[in-house]
Amino acid sequence: MSRIEVLLGRMTLSEKIGQLTMSAADQAVTGPVLAQGLAADVRSGAVGSVLNLYGSDRVRVMQRLAVEESRLHIPLFFGLDVIHGYRTLFPVPLAEVASFDVALWEQTAREAALEAAREGVDMTFAPMLDVSRDPRWGRTVEGPGEDPVVGCVLARAKVRGFQGAPGALGAAGRAGADLASPGAIAAVAKHFCAYGPVQAGREYASVDISERTVREVHLPPFAAAVDSGVAAVMPAFTDLAGLPMTANREMLQGWLRERLGFTGVIVSDYNAIGELMAHGVARDRSEAAALALLAGVDVDMMADAYRHGLPVALDRGLVRETQIDAAVLRVLALKERLGLFDDPYRRCQGPEPSTALTRRRLLARRAAAQSLVLLTHRGEVLPLRAGVRVALLGPLADASAEMRGCWTAAADEHGSVGVLEALQGALGPDAVAHAPGTGISGADTSGIAAALRACEDADVIVLCLGEAAAMSGEAASRAELQLPGCQRELALAVLARAAELGTPVVALLFSGRPLVVPWLFEQADAVLAAWFPGSEAGAGIADVLTGRLAPSGRLPISWPRSGGQIPIFHAERPSGRPFAANNHYTSRYLDVSNEPQFPFGHGLSYACLEHSNLRVTPTQCGEGDTLQVRVEVRNPGVRAARETLFLFTRDRLASIARPLLELKGWRQIELAGGAQATVELQLAVRELRFLGADLQPRHEAGEVELLVGASADRSRLLSTMVRLI
Ligand code: BGC
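Residues numbered from 1 in each chain as written. Predicted model: local features only at pLDDT ≥ 70, side-chain atom pairs only at ≥ 80, totals over all residues. Heavy atoms only, no water.

> Teacher, can you tell me more about the overall build of the protein chain here?
Scanning the protein chain from terminus to terminus reveals 20 helices and 26 strands. Its C-alpha atoms give the protein chain a radius of gyration of 26 Å, near enough to 27 Å, the size a compact globule of 725 residues would have. Projected onto its principal axes, the C-alpha coordinates of the protein chain cover approximately 80 × 65 × 45 Å. Across the 725 residues in the protein chain, those meeting the buried criterion constitute 61%. Sequence-distant contacts in the protein chain: of pairs separated by 6 or more residues, those separated by 24 or more amount to 77%. About 26400 Å² of surface is accessible on the protein chain, with carbon and sulfur atoms providing 49% of the total. Of the charged side chains in the protein chain, 71 are positive and 81 negative, and the gap between their average positions amounts to 3 Å. (Helix = DSSP H or I, 4+ residues; strand = E, 2+ residues; numbered from the N terminus. Rg over C-alpha atoms; globule rule 2.2 N^0.38 Å. Buried < 20%, exposed > 50% of the residue type's maximum accessible area, 1.4 Å probe, protein only. Contact = heavy atoms within 4.5 Å. Areas by Shrake-Rupley, 256 points an atom, 1.4 Å probe, with all protein chains shown as cover. Lys, Arg positive; Asp, Glu negative; His and termini not counted. Charge placed at Lys NZ, Arg CZ, Asp CG, Glu CD.)

Structure, rendered in structure tokens:
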């Protein structure tokens, strides 16, 4: 018998249920209820893991209670939402995804893990892998954007980053082989699954989509996470066609455990087991507990449904003790993998050497710069010339706390660099005249006059507009994706004054999602999506504005021109009546174009690269083949640029209608001014399979179009055909 089996044999029922109970401390508040009497529960073995407690000293104190004062001395594990950093914050996930730099995705997770692990964190509730095609949904900011292939690549990179042993960066194979390493933490792939398509983008609302969409769009990132060795999975709060994920036996047991072969721990979302009653599928806590356990949920986060409900469920014959035992063994196995039985304080090493912090801040600065997306640019206003005088306006110009984004973990409120501070540093303190003009929200317009005055002596106006960080993330859906408060009024007044003065305007849009501001795109000389760039926000932005680095971010989500277009995404299926300008009875709006404001993949740089000569070998291929795709890229400008080339396919004739574009992968390349290069992408023909009418993968003979280019704007993609045999 293994060590954990022996331990299981010695446990009382309440100690077993304790291992399945996760309680929250109050260092971070991430849900509606808080635990009382945590220390007493740890001593009595009524709690097996803790969330929202961090800091090596605090964790040590709590861990000591478990290993010295509880009867069986079983260590706790400590979980926290280390989503885009711990103390050092990297850009919010959607922003970092915009870098399309897979090595960066992995590196930031690794650095976040190293930083958090020193302070007692064993598990992060990340990566968030929910594909979102509806930016009204606030949690769009936490995930991969609209495309499942991006979700898959992100899943692998993040799991490797969080769970990989130091020095294992980029290593092939399953991550977390050495999860016991003091610098590794357990990743939790969440929220399984199909949380993104909540009805009308409203948080926690019901989900009712086809099984095909679940399998084609929402499951693949989780399959990739499982394949990468993710330690844990968290079911979504939401239901799928009436069955809440927390009680969804078919999805958790059927898909996750049986089909994907997941052997790790399933941790419920915050209070989600209790919420099965509000969903209307459980009469009381014992029914809720039984439903969740039988579905495969091992750990009850903050509902206390297992603690109070499972003993009753056992008495009523709703569950068997062997089912509880199986869950306990999975939890103990995770504690063993994390090395906690050998050294329960292994992740409490305390402060790191300052060199680690410097390295991390530099990475955060690069990540911030790489996540910016230059949406529009006219008249060469950027990069800013040396000696330029700037009027820095808008409520987000000097808002370092907002720069942190939606999940701030242990980052302190004053630890982020805002735009004002960074631009003053880069251009000189006297070169920047600052006036906020308005608040982020609210109706006070009294500061607009001062903002207009600040424009008088400026060579360029930089307008920092957008949402507060808390306007996206959990419980932050918005029906209208406009600028909040009276920022539009400020912006229009500034744009009008700038037009009179002949002064160019650069707008920085801070947000966790695309904002619907077509008027701004028309009138400003340049607009950058800045998202929430993290601890080094201002520095990364200044690097790009001054041309120290070229903008290279690309949109991981289509940017709507009207809220009424949502959901809008590149992988739409064809219509039987595709839009035709001269035909009324075609798929269209009467009042708005079908096209997004900016397509998936859009993003400009300071050079405009040219692509040519797309070719593929072989042009006739079977299921086992791999296609080599090559394209020439030239930088005709003088400035260096980082280019992202996306590879899409279009299967025009198949037994099931295929999307108008399907992303298959991408490659990035750095090109100096005047340089040219051949970019190579590979595509396994197996990736061209799709789910047939029976929802089983199939390879169908016929022609498939391959398309390569800088975005999903079809008119600018190069294309060639291959024949599948
Ligand atoms: C969120 C999760 C998070 C958990 C713990 C929940 O409300 O949905 O994403 O990991 O809280 O903080």
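> What am I meant to see in the sheet that holds strand β15 (residues 505-510) here?
Read across the sheet, 6 strands follow the order β11-β16-β15-β14-β12-β13 without closing on themselves; strand pairing throughout is mixed. This sheet does not close on itself; its edge strands, each paired only once, are β11 (373-377) and β13 (432-435). Pairs of neighbouring strands in the sheet enclose a mean axial angle of 20°, with direction left out of account. The strands that helix α18 (residues 487-501) touches are β12 (390-393), β14 (460-466) and β15; relative to β14, the one it contacts most, it runs at about 165°. (Pairing = 2+ DSSP bridges. Axes fitted to C-alpha atoms, helices over the stretch in contact; angles between N-to-C directions.)

> Help me understand the packing of aromatic side chains, please; the structure alone is not making it clear to me.
Here the distance between the centres and the angle between the planes together describe a pair of aromatic rings. In the structure shown here, the tally under the stated rule is 17 aromatic pairs. Between F646 and F648 the ring centres are 6.2 Å apart and the planes differ by 35°, which places this aromatic pair in the tilted class. Each member of the pair, F646 together with F648, is buried. In textbook terms, an aromatic cluster arises when at least three aromatic residues are bridged by ring pairs, as seen for F100, W105, F600, F646, F648 and W666. Of note, R133 hangs over the ring of F569, and the distance from its end group to the ring centre comes to 4.0 Å. Above the ring of W407, the side-chain terminus of K190 is found at 5.4 Å from the ring centroid. (Phe/Tyr/Trp six-rings, centres within 6.5 Å; stacked < 30°, edge-to-face > 60°. Lys NZ or Arg CZ within 6 Å of the ring centre and 35° of its normal.)

> Would you explain helix α8 (residues 211-218) in this entry?
Helical geometry note: an α-helix holds 3.6 residues per turn, so side chains three or four residues apart project in the same direction. In terms of burial, α8 is a largely internal element, 6 of the 8 residues being buried. Restricting attention to buried positions, one finds in α8 the residues R212, V214, R215, E216, V217 and H218. For α8, the secondary structure elements touched by its buried residues are α7 (148-163), α9 (220-227), β7 (239-240), α10 (249-259) and β23 (690-691).

> What's the story with the environment of R160 in this structure? I'm lost.
Within the secondary structure, R160 sits in helix α7. R160 gets classed as partly exposed once you look at its relative accessible area, which sits at 22%. Along the chain, R160 and R548 lie 388 residues apart, while their C-alpha atoms are 31 Å from each other. A distance of 2.8 Å separates the side chain of R160 from the side chain of E106, its partner in a polar contact. (Polar contact = N/O pair within 3.5 Å; in protein donor to acceptor, adjacent residues only side chain to side chain.)

> Would you mind showing me how to read the confidence of the model for the protein chain here?
The predicted coordinates of low-pLDDT regions are not to be read in fine detail. Of all residues in the protein chain, 98% have pLDDT values of 70 or greater, and the mean over the chain is 96. Confidence drops under pLDDT 50 across residues 165-173; counting only partners more than four residues distant or on other chains, this segment forms 11 contacts. (pLDDT = per-residue confidence, 0-100.)

> When you look at unusual backbone geometry in this model, what are you seeing that I'm missing?
With glycine set apart, most residues show a phi of negative sign, and most peptide bonds adopt trans. Residue H191 is bonded to the preceding K190 through a cis peptide linkage, with omega at -5°. With respect to the element layout, H191 can be found in strand β5 (residues 186-192). Phi at E380 takes a positive value of approximately 55°, unusual for a residue other than glycine. Examined against the element boundaries, E380 turns out to sit in the loop between β11 and β12. Positive phi values are uncommon outside glycine, yet N613 reaches one of about 55°. We classify N613 as partly exposed; its relative accessible area is 47%.

> Sorry, what's going on with the environment of F598 here?
Residue position: F598 is located in the loop between α20 (537-545) and β17 (610-617). We classify F598 as buried; its relative accessible area is 7%. Separated by 526 residues in the primary sequence, F598 and L72 place their C-alpha atoms 58 Å from one another. With sequence-adjacent residues up to four places away left out, F598 is seen in contact with L375, T376, F521, L555, S558 and W559.

> Explain the nonpolar core to me, please; I cannot follow it from the model alone.
A general tendency of soluble globular proteins is for nonpolar side chains to be buried together. In this structure, F192 and Y306 are the most contacted members of the largest nonpolar core, which totals 126 residues. Listed in part, the 79 residues of the second largest apolar core include A422, V494, L555 and I557. (Core = buried A, V, L, I, M, F, W, Y, C linked by side-chain atoms within 4.5 Å.)

> Any chance you could explain the layout of surface pockets here in plain terms?
If a probe the size of a water molecule is rolled over the atoms, the empty space left behind becomes visible. Approximately 860 Å³ is the volume found for the second largest pocket. Residue lining of the second largest pocket: 27 residues in total, with F569, E572, N594, E595 and L660 positioned closest to the centre. A per-class count over the lining of the second largest pocket returns 13 nonpolar, 6 polar and 8 charged. (1 Å grid on protein atoms, 1.4 Å probe; cavity = no way out; pocket = protein on both sides within 12 Å on 5 of 7 lines; lining within 4 Å. Points joined across faces, edges and corners; volume = space filled by probe spheres on them. Nonpolar A, V, L, I, M, F, W, Y, C, P; charged D, E, K, R; others polar.)

> How should the environment of R639 be read in this particular structure?
Tracing the backbone through its elements, the reader meets R639 in the loop between β19 (626-634) and β20 (641-650). As a C-alpha pair, R639 and L549 span 90 residues in sequence and 9.8 Å in three-dimensional space. Contact partners of R639, with chain neighbours within four places excluded, come to P383, G547, Y606, A607, L671, A672 and G673.

> Just checking my understanding: could you explain the pattern of salt bridges for this structure?
Should their charged atoms come close, side chains of opposite charge can pair. Applying the stated criterion across every chain yields a total of 53 salt bridges. Of the charged contacts in the structure, one is a salt bridge between E467 and R478, with a shortest N-O distance of 2.8 Å. Here E467, found in the loop between β14 and α18, pairs with R478, found in the loop between β14 and α18; they are 11 residues apart in sequence, far enough to count as distant. No difference in accessibility class separates E467 from R478, as the two residues are buried. Of the charged contacts in the structure, one is a salt bridge between R630 and E680, with a shortest N-O distance of 3.2 Å. Of the two residues, R630 is situated in strand β19 and E680 in strand β22 (residues 676-684); the sequence distance between them amounts to 50 residues. (Salt bridge = Lys/Arg side-chain N within 4 Å of Asp/Glu carboxyl O.)

> When you look at the packing of helix α17 (residues 448-455) against α18 in this model, what are you seeing that I'm missing?
Two measures define how a pair of helices packs: the angle their axes make with one another and the distance between the axes. Contact geometry for α17 and α18: axes closest at 10 Å, N-to-C directions at 25°. Judged on the interaxial angle alone, α18 and α17 are roughly parallel. Considering the relative orientation of α17 and α18, their crossing is right-handed. Only E489, L490, A493, V494, R497 and L501 of α18 make contact with α17, whose side of the interface consists of I448, A451, L452 and C455. (Parallel < 35°, antiparallel > 145°, perpendicular 65-115°, else oblique. Left-handed = near helix turned anticlockwise from the far one by under 90°.)

> Whenever I open this one, empty space enclosed by the protein confuses me. Can you help?
According to the stated counting rule, one finds 4 cavities of 30 Å³ or more in the structure shown. Around the largest cavity, the lining comprises 18 residues; the ones closest to its centre are I83, H84, P93, E96 and K158. Elements with a contribution of two residues or more to the lining of the largest cavity: α5 (93-97), α6 (102-117) and α7. Of the residues in the lining of the largest cavity, the class split is 12 nonpolar, 3 polar and 3 charged.

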